[in-house]
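Fold and contact review
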Amino acid sequence: MIGIDKINFFTPNTYIDLVKLATYRGVDPDKYTIGIGQSKMAVPTITQDTVSMGANAAFPILEKKDLTAIDLVVVGTETGIDESKSAAAFIHQLLGIHPFAKSIEIKQACYGATAGLMMARDFVKTHPGRKALVIGSDISRYGLNTSGEVTQGAGAVAMLISENPRILAIEDTSIAMSENIFDFWRPNYSDTAIVDGKFSNEAYVKFFNLLWTKFTEETTYSLDDISAFCFHLPYTKMGKKALLPLLENESAGVKEKLLAHYDLSTEYTRNIGNIYTGSLYLSFMSLLDNQTTSLKPNDLIAFFSYGSGAVGEIFSGRLIEGYEKHLDTANHKDMLTDRYDLSIEEYETIFNKEIPKTDGIHSLDEEKYEKGTFYLSHISNHQRHYEKRQ
Ligand code: COA
């Protein structure tokens, strides 16, 4: 049995309240909070990037015995900080993982962390006793005053994959599909994504339907067997657009169970925004942290991963007895409640700050706002340098 032994997330300490943003933009706040389903949006300072967020997500869950057992570090990201060097190479060093490990980055929009998870599962299968660290870390940016503005966000998820996992056993049920489309993309020369919002919604729902049909044919699972769905969530309404049509002819009991669990799984995204590659696994943590007694050991969870461009995958996993003892629920909730509430002016100033691109040494200081354990402290002749806050 192989799967998720430990899991954690990190989001920057700064956010913008979306009622405040809607009022400032002259939009009815209900459009953001009900129509799109978002309440708060993480806004990273320049000192939090894909590397520091990924390290911040992984650091609290790794013990000394993990650091000597991890032979593979995979970072899924679509907002990497270098076109050549992987974010994983930095994170491997920041975390103190032993030198004889491979550290790589995977890109396929929001699907990258799932590719990493499946690679990690196969790696552990062929390397008994060894472990793999999978991270999804991203900053979602569409630009100020764009239609995608309210669906931005930032954060990272880290998962330790091992034999005899203590949270989720991943089943051999995965079904994936690919199609070359332009629903969302970001050319190398742009730091904001280009999105055809309506088309991306349609593509997401189409992928879900095709994959679900094939998944049920190949596994013989039906909705009765599934305790909860976890979705990739660019915003909380998105998963519901896929789930609701599926429930139309189902019994009241099935509808009630799956919709109640859907709401629990969207709570963290509602307050953080889109974290791209980590989003699906943030939904999983939100579900586990916010449910009280409705999920039992051996319950079946279905996961829908979607990365624009596009690749999708559905797979399933079973909860392990005692999983709730291995979650850091209190710290997850504290991280969200203790954040700094930005004014509009602070939000726009932070959003517009850019990493210096010239020779020389550039110190970066956002002490007023941020409190991540790892942060980007300076750029020295185009090299990023990170420090650890004691
Ligand atoms: N009260 C309640 N709901 C309201 C409202 C109000 N006053 N005003 C609008 N709405 C609803 C709309 O009816 C719509 O609901 P629906 O989607 O269920 O039909 C929703 O709010 C959004 O309105 P819409 O006019 O479609 O918003 P928009 O053109 O500004 O775009 C997105 C919204 C989500 C498409 C846009 O933010 C976007 O492109 N985001 C990025 C999408 C993405 O990440 N795609 C990747 C998929 S993986």
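**Considerations on the overall build of the chain**
A count of helices and strands for the chain gives 12 helices and 18 strands. A compact globule built from 390 residues would reach a C-alpha radius of gyration of about 21 Å, and the chain, at 20 Å, matches this within 12%. Based on the C-alpha atoms only, the size of the chain along its principal axes is roughly 60 × 55 × 40 Å. Each of the 390 residues in the chain was classed as buried or not, and the buried ones make up 59%. Excluding contacts between residues fewer than 6 apart, the proportion of contacts in the chain whose partners are at least 24 apart in sequence is 75%. On the chain, roughly 16100 Å² of surface is accessible, and the fraction owed to carbon and sulfur atoms is 50%.

**Brief notes about the sheet that holds strand 15 (residues 340-341)**
Read from one edge of the open sheet, three strands run 3-2-15, paired in mixed fashion. Looking along the sheet, the strands with just one partner apiece sit at the ends: strand 3 (40-42) and strand 15. Bridge count for strand 2 (residues 14-17) against strand 3 is three bridges, and the pairing is antiparallel. Within strand 3, the residue paired with D17 across the bridge is K40.

**Let's talk about the domain arrangement of the chain**
Each assigned domain of the chain is listed with its residue range as follows: domain 1 (2-166 + 328-388) and domain 2 (169-325). With centres defined by C-alpha atoms, the gap from domain 1 to domain 2 works out at 20 Å. Every contact between the two is made by 56 residues of domain 1 and, on the other side, 45 residues of domain 2. Counting each side, the surface lost to burial between domain 1 and domain 2 is near 4100 Å², with a carbon and sulfur contribution of 56%. Contact with domain 2 buries surface across domain 1, with C110, Y111 and Y142 losing the most and accounting together for 15% of the total. At the boundary of domain 1 and domain 2, one finds three salt bridges. A salt bridge links R141 to D191, with the shortest nitrogen-to-oxygen separation between them at 3.4 Å. The interface formed by domain 1 and domain 2 holds 30 residue pairs in polar contact (both at pLDDT 80 or more) in total.

**Describing the environment of T146**
In this structure, T146 sits in the loop between strand 6 (131-140) and strand 7 (153-163). Residue class for T146 comes out partly exposed when judged on its relative accessible area of 33%. Only 2.9 Å separates the side chain of T146 from the backbone oxygen of G143, close enough to count as a polar contact.

**Observations regarding the site of the ligand**
Contacts to the ligand come from 19 residues, most closely from K31, S147, K198, K237 and K241. T151 places a side-chain nitrogen or oxygen 3.2 Å from a nitrogen atom of the ligand. Within the side chain of K241, an N or O atom sits 2.4 Å from an oxygen atom of the ligand. Those elements giving two or more residues to the shell around the ligand turn out to be helix 2 (29-36), helix 7 (197-219) and helix 8 (236-247). Take the shell around the ligand: its biggest share by element is four residues, from helix 2. Here the shell around the ligand gathers at least three residues from each of two domains, domain 1 (2-166 + 328-388) and domain 2 (169-325).

**Thoughts on unusual backbone geometry**
Cis geometry is adopted by the peptide bond preceding A310, which originates at G309 and carries an omega value of 5°. Non-glycine residue T220 carries a positive phi angle of around 65°. Within the secondary structure, T220 is located in the loop between helix 7 and strand 12 (226-231). A positive phi angle, near 70°, is found at H382, a position not held by glycine. Tracing the backbone shows H382 in the loop between strand 17 (374-380) and strand 18 (383-388).

**Quick word on the nonpolar core**
Ranked by internal contacts, the top residues of the largest apolar core, which has 77 residues, are I7, L133, I161 and F284. Residue assignment places this core across two domains, with domain 1 (2-166 + 328-388) and domain 2 (169-325) each supplying three or more. Those residues in contact with L133, other than ones at most four positions away along the chain, are A58, L62, I70, L72, V73, V74, L95, I97, A158 and M159. Formed by 47 residues, the second largest nonpolar core is a distinct cluster that contains L18, M177, Y235 and L246.

Quick notes on the rules
- Residues numbered from 1 in each chain as written.
- Predicted model: local features only at pLDDT ≥ 70, side-chain atom pairs only at ≥ 80, totals over all residues.
- Heavy atoms only, no water.
- Helix = DSSP H or I, 4+ residues; strand = E, 2+ residues; numbered from the N terminus.
- Rg over C-alpha atoms; globule rule 2.2 N^0.38 Å.
- Buried < 20%, exposed > 50% of the residue type's maximum accessible area, 1.4 Å probe, protein only.
- Contact = heavy atoms within 4.5 Å.
- Areas by Shrake-Rupley, 256 points an atom, 1.4 Å probe, with all protein chains shown as cover.
- Pairing = 2+ DSSP bridges.
- Domains from an automatic or database assignment.
- Buried area = accessible area lost by both parts, 1.4 Å probe.
- Salt bridge = Lys/Arg side-chain N within 4 Å of Asp/Glu carboxyl O.
- Polar contact = N/O pair within 3.5 Å; in protein donor to acceptor, adjacent residues only side chain to side chain.
- Near = heavy atom within 4 Å.
- Core = buried A, V, L, I, M, F, W, Y, C linked by side-chain atoms within 4.5 Å.

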